[in-house]
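# Topology and contacts: notes
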Amino acid sequence: MAAGTGSDEMMRRRDNERERGGVALGALAILVVAAVIGLVQNRFSGHPLPPFASEAALRPAVASGVSYIDLAGAKAMFDATSALFIDARPPEEYDAGHVPGAVNLPSDEFAKAYARLAPTIERARALVCYCEGLTCDRSSVVANLLAARGHSHVFILFSGWDQWQAAGYPSEGSSRQ
Amino acid sequence: MMAADIERPPSTAPLSSLLWHPAAGVVARVAVGGIFVYASIGKIADPAAFARAIYAYRILHADVVNLAAIWLTWVEMLAGVLLIVGMGRRSAAAVTTGLTGLFIIAAWLAIMRGLDVECGCFLARAIEGRLGWSLLLRDLALLAVSLYAMLHPSDALSLDGLVAKPRP
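What you are looking at is a predicted structure, and each value in this text was computed from that prediction instead of being measured.

Taken as a whole and assessed by the stated rule, the structure comprises 10 salt bridges over all chains. Glu19(A) serves as the salt-bridge partner of Arg90(B), at 3.0 Å between the closest nitrogen and oxygen. Residue Arg90(B) is found in helix α6 (residues 89-112), and its partner Glu19(A) is found in helix α1 (residues 5-44); the two belong to separate chains. The salt bridge partner of Lys43(B) is Glu76(B), with a shortest N-O separation of 2.9 Å. Taken together, the positions of Lys43(B) in helix α3 (residues 22-45) and Glu76(B) in helix α5 (residues 62-85) put the pair 33 residues apart, joining distant regions of the chain. Across this residue pair, the class does not change: Lys43(B) and Glu76(B) are buried. One continuous salt-bridge network, built from bridges that share partners, spans Glu9(A), Arg12(A) and Arg13(A).

Below you can see the structure in the form of structure tokens.
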């Protein structure tokens, strides 16, 4: 058996292993405690997120006069041609592909585009705004601006373009022949 | 071979002592902790915005996005506070290092897939940027400092140092 430096070395190695284990256990404790604090804080906060709910909680708040519709509702309006679809995405994304008949009203250039499209928009019985996915807030920005200009029957198809494409509904634009 | 060959050349000693100076460890620890606490405050204020930011990366399923938002926010806050006060310093730094590593992977995946998303790092409009290579570099720098804080041997100015038991 090695004595002296050998056993020192072994003790040091054991100390190191113990410390590493302690660090890992501490890290795990942080993750667990954070989950508990988070759930409790969320439960009692003024604006709790449903932990397992999906899209409803992600929807941006909208002005009165604006409401969300689901894909089926939007498709029904599309089929009945009872609504004007408003694509709130930037022009290059609109050009690549959009709901057939939709007009491009980018949230970043709202005033300019609105001035151009106002006659078309005013003729429409209902307006369905959409942007790309669950995380875009462009459709709600545009819908709120439209409501502020006195338009009624303003709807948002949340996560619109993603849903529309996923459902395999028709589209027009440069990416589709 | 002479014994002197094995010893560290004396010229590197000042650099090494500067690198592992206790003050440098404290600065790194408090800086990383501060960044994480600051990042979590905006998320606590608007959890839905953070959930949207996570969803934009299209890595997690929509059903668990909210849970991840709630959890990650408080992991950031807790690890950040522990780093600042120096309690469970190494564990907290291990968490911030791991978290930053995850952010880097997520950001890299998003860039590779050509996603145009907000970073979701701070949620404060002034410093929040679109995801890109510069943000990835910023995260890599944070990863380096966080790793350094984890490996630094000094318990100076920390609660760990106050309660440390002297070795027999």
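All names here are of chain A. Going through the model one piece at a time under the given rule, you end up with nine aromatic pairs over all chains. Taken together through their ring pairs, the aromatic side chains of Phe78, Phe85, Trp164 and Tyr169 make up a single cluster. The aromatic ring of Phe44 is capped on one face by Arg43, whose charged end is 5.1 Å from the ring centroid. Directly above the ring of Tyr114 sits Arg149, whose terminal nitrogen or CZ lies 4.7 Å from the centroid.

Here we come to the nonpolar core. Formed by 37 residues in total, the largest nonpolar core has its most connected members in Ile30(A), Ile54(B) and Val95(B). Elements represented by at least two residues in this core include exactly α1 of chain A together with α3, α4 (47-56), α5, α6 and α7 (133-151) of chain B. Broken down by element, this core gets its largest block of residues, 13 residues, from α5(B). Core analysis: the second largest hydrophobic core is formed by 20 residues, Phe110(A), Tyr114(A), Leu127(A) and Leu146(A) among them.

How big an interface is tends to be stated in terms of the accessible area lost upon association of its parts. Between chain B and chain A, the residue contacts involve 26 residues of the former and 30 residues of the latter. Taking both sides of the interface into account, the surface hidden between chain B and chain A amounts to around 2600 Å²; carbon and sulfur atoms contribute 69%. Run the count over chain B and chain A and you get two salt bridges. One can count six residue pairs in polar contact (both at pLDDT 80 or more) joining chain B with chain A. The set of elements that each furnish at least two residues to the side of chain B that touches chain A consists of α3, α4, α5 and α6 of chain B.

Each pair of packed helices can be described by the angle between their axes along with the distance between the axes. Residues and elements named next belong to chain A. Contact geometry for helix α5 (residues 110-123) and helix α6 (residues 138-148): axes closest at 12 Å, N-to-C directions at 60 degrees. Between α5 and α6, the crossing angle belongs to the class labelled oblique. For the crossing formed where α5 meets α6, the hand is right-handed. Contacts between α5 and α6 involve Phe110, Tyr114 and Ile121 on the former and, on the latter, Val142, Leu145 and Leu146. Broken down by class, the residue content of the contact of α5 with α6 amounts to six nonpolar, no polar and no charged.

A word on empty space enclosed by the protein. In this structure the tally under the stated criterion is two cavities of 30 Å³ or more. There is about 70 Å³ of room inside the largest cavity. Within the residue set of the lining of the largest cavity, elements represented by two or more residues are α1 of chain A together with α3 and α5 of chain B. When residues of the lining of the largest cavity are assigned to their parent elements, the largest contribution, four residues, is made by α5(B). Partitioned by chemical class, the residues of the lining of the largest cavity number five nonpolar, five polar and one charged. There is about 30 Å³ of room inside the second largest cavity. Considering the residues around the second largest cavity, the lining is formed by Pro22(B), Gly25(B), Val26(B), Arg29(B), Arg89(B), His152(B), Ser154(B) and Ala156(B). The leading source of residues in the lining of the second largest cavity is α3(B), at four residues. The residue makeup of the lining of the second largest cavity, split by class, is three nonpolar, three polar and two charged.

What counts and what doesn't
Residues numbered from 1 in each chain as written. Chains lettered and ligands numbered in written order. Predicted model: local features only at pLDDT ≥ 70, side-chain atom pairs only at ≥ 80, totals over all residues. Heavy atoms only, no water. Salt bridge = Lys/Arg side-chain N within 4 Å of Asp/Glu carboxyl O. Helix = DSSP H or I, 4+ residues; strand = E, 2+ residues; numbered from the N terminus. Buried < 20%, exposed > 50% of the residue type's maximum accessible area, 1.4 Å probe, protein only. Phe/Tyr/Trp six-rings, centres within 6.5 Å; stacked < 30°, edge-to-face > 60°. Lys NZ or Arg CZ within 6 Å of the ring centre and 35° of its normal. Core = buried A, V, L, I, M, F, W, Y, C linked by side-chain atoms within 4.5 Å. Contact = heavy atoms within 4.5 Å. Buried area = accessible area lost by both parts, 1.4 Å probe. Polar contact = N/O pair within 3.5 Å; in protein donor to acceptor, adjacent residues only side chain to side chain. Axes fitted to C-alpha atoms, helices over the stretch in contact; angles between N-to-C directions. Parallel < 35°, antiparallel > 145°, perpendicular 65-115°, else oblique. Left-handed = near helix turned anticlockwise from the far one by under 90°. Nonpolar A, V, L, I, M, F, W, Y, C, P; charged D, E, K, R; others polar. 1 Å grid on protein atoms, 1.4 Å probe; cavity = no way out; pocket = protein on both sides within 12 Å on 5 of 7 lines; lining within 4 Å. Points joined across faces, edges and corners; volume = space filled by probe spheres on them.

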